[in-house]
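Examining the three-dimensional arrangement
So you can see what is in the structure, the chains are spelled out below.
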Amino acid sequence: MEYFSEKTNFFKHHKPSDLLLKYGSPLYVYNESILRERAKQIRQLVDMPNFEVSYSIKANSNLYILKILKEEGLHADAMSDGEIFVLEKSGYDKDHIFFVCNNVSAEEMKYAVDRGIMVSIDSLSQLRLYGENFPNSKVSVRLNPGIGAGHHQKVVTGGKTTKFGINLDKITEIIEISKKYNLKIAGINQHIGSLFMSSTEYLRGVNELLQTALIFKDIEFIDFGGGFGIPYKKQEGQQPLELVQFGKDLKLILSKWQQDNSRNIIFRCEPGRFVVAESAILLGRVYAKKSNYNKIFIGTDLGFSVLIRPAMYGSHHDIEVYRQNKLVKEKPFESVNITGNICESGDILVEERELPVIMEEDIIGVMDAGAYGYSMSSNYNNRMRPAEVLIKCDGSLKLIRKRDTYEDLLRGF
Ligand code: LLP
């Protein structure tokens, strides 16, 4: 059995219990070395000077994380005016931000346009709105060539059943609208969905989009989207995505297209999860253990206000148990349900899983919590969102976000 924290020396010389005493429980703990390593891996995905990587900040938009990823040479994509705002605060250049929005007001578009940020439009209605408000300008269009992938129906964003993108049979209308408002289609983009462990569908999507790109003579860039998966089931031996081979396959396709068509444009991908997921472990405390009609419930402070992925998508996160500062590995194991402190019976972090026998006062570590963890957390039940702490490369600690306070719950009143 592989224990991620042990294998990566995740906590360095720190102990989970000391971290919780210092910063409160629950707590998101990040490891800077892992974060930088993932950023480097993805930055080197395709060895071509015109290949760029934008980090999709919806996965994690902590200001310090953004600064580190900027240092690693990543650009960024934003989904909202708020994400643009934090990117600017983290020092990202306007030319390195791509606004991939969906169903927004003209005011929100203006927020990006005023700052010189490229906007991606994903419906004919929004293209008209953009044209009326910002004629004689550049824009990108998000297409949906009918290919989708992802770990759950809720996160498949390409294909025939999603709200995203413009179907390829609407291209004539895209061109008509852009002529009417004198818009230059400067880029095309897509995103097939989130979390694939095989590159097949992504590469199929790349080929489709490259085919379509031939229709748009003026484009300066093509963005193929993100979705690169990470192995959430390491304890069962799940292997990572074959990134090196994937990069080679992608390079082959892109360079051939470039040569065949004598076009020199920027190619881009925009992963979120891959960059940040493995850089964090979420820690929480066990406060109760009970057996209700033969089901064992472990009661913790890790409710879905802190990490919603299991409740929302049935997602799996590997679990580690720490007792008196030691990782508990030995048998006996028992089948348990780990729950949080939220007033809903759907507040389940782990459902019927064999884990080392857990006791009151143990500490639970939730692996791979860096993507869509804090960024999807909430104040539901008026719970305080946790602090985030970074274990830096030199082993020192930096508090990168404070835990909410009672006063924060009164903000706006
Ligand atoms: N680009 C666009 C346009 C996107 O919509 C997304 C994710 C990404 C890039 C980055 O995808 P990634 O590389 O992170 O898979 N909350 C869900 C994931 C939702 C993803 C939404 N869009 C989860 O926790 O699994």
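Residues numbered from 1 in each chain as written. Predicted model: local features only at pLDDT ≥ 70, side-chain atom pairs only at ≥ 80, totals over all residues. Heavy atoms only, no water.

**Things to note about helix 10 (residues 243–260)**
- Spanning 18 residues, helix 10 covers 26 Å between terminal C-alpha atoms, matching the ideal 26 Å at 1.5 Å per step.
- Buried residues of helix 10: Leu-243, Phe-246, Gly-247, Leu-250, Ile-253, Leu-254, Trp-257 and Gln-258, and no others. Around the axis of helix 10, the buried residues are gathered within 135° of arc, so they sit on the same side. In helix 10, the exposed residues that point more than 90 degrees away from the buried face are Val-244, Lys-248, Leu-252, Lys-256 and Gln-259.
- Elements in contact with the buried residues of helix 10: helix 3 (32–43), strand 2 (51–56), helix 9 (200–213), strand 9 (221–223), strand 10 (266–269) and helix 11 (273–276).
- Phi for Ser-262, located one or two positions after helix 10, is positive at around 40°. (Helix = DSSP H or I, 4+ residues; strand = E, 2+ residues; numbered from the N terminus. Expected span 1.5 Å × (residues − 1). Buried < 20%, exposed > 50% of the residue type's maximum accessible area, 1.4 Å probe, protein only. Arc of directions from axis to C-beta. Contact = heavy atoms within 4.5 Å.)

**Observations regarding the side chain of Asp-318**
- Examined against the element boundaries, Asp-318 turns out to sit in the loop between helix 12 (309–313) and strand 13 (319–323).
- Buried charge Asp-318 goes without a salt bridge, the closest partner of opposite sign being Arg-353 at 4.7 Å.
- Looking at Asp-318, its side chain comes within polar contact range of the main-chain nitrogen of Lys-234, at 3.0 Å.
- Among the polar contacts listed, one links the side chain of Asp-318 to the backbone nitrogen of Gln-235, at a separation of 2.8 Å.
- When neighbours within four sequence positions are excluded, Asp-318 is seen to be in contact with Tyr-232, Lys-233, Lys-234, Gln-235, Arg-353, Gly-365, Val-366 and Met-367. (Lys, Arg positive; Asp, Glu negative; His and termini not counted. Salt bridge = Lys/Arg side-chain N within 4 Å of Asp/Glu carboxyl O. Polar contact = N/O pair within 3.5 Å; in protein donor to acceptor, adjacent residues only side chain to side chain.)

**Some points on the domain arrangement of the protein chain**
- The domain architecture assigned to the protein chain consists of domain 1 (4–11 + 278–410) and domain 2 (93–271).
- Between the C-alpha centres of domain 1 and domain 2 the distance comes to 34 Å.
- Taken together, the contacts link twelve residues of domain 1 with eleven residues of domain 2.
- For the pair domain 1 and domain 2, the summed buried area comes to about 1100 Å², and 51% of that belongs to carbon and sulfur atoms.
- Among the residues domain 1 hides against domain 2, the three largest losses belong to Tyr-313, His-316 and Asp-318. Together they make up 45% of the total.
- Our enumeration of links across domain 1 and domain 2 arrives at two salt bridges.
- One salt bridge in this structure joins Asp-368 and Lys-234, with 2.9 Å as the shortest N-O distance.
- Applying the counting rule to domain 1 against domain 2 returns six residue pairs in polar contact (both at pLDDT 80 or more).
- Taken together, the elements giving at least two residues each to the side of domain 1 that touches domain 2 come down to helix 12 and strand 13.
- By residue number, the principal contributor to the side of domain 1 that touches domain 2 is helix 12, which donates three residues. (Domains from an automatic or database assignment. Buried area = accessible area lost by both parts, 1.4 Å probe.)

**Observations concerning the nonpolar core**
- Ranked by size, the top nonpolar core spans 104 residues in total, and within it Ile-222 and Phe-228 carry the most contacts.
- Two domains each put at least three residues into this core: domain 1 (4–11 + 278–410) and domain 2 (93–271).
- Beyond its immediate chain neighbours, meaning those up to four positions away, Phe-228 contacts Ile-42, Leu-45, Phe-196, Tyr-202, Leu-241, Leu-243, Phe-246, Cys-269, Pro-271, Arg-273 and Phe-274.
- Grouped together as the second largest cluster of nonpolar side chains are 19 residues, Phe-11, Leu-27, Leu-283 and Ala-387 included. (Core = buried A, V, L, I, M, F, W, Y, C linked by side-chain atoms within 4.5 Å.)

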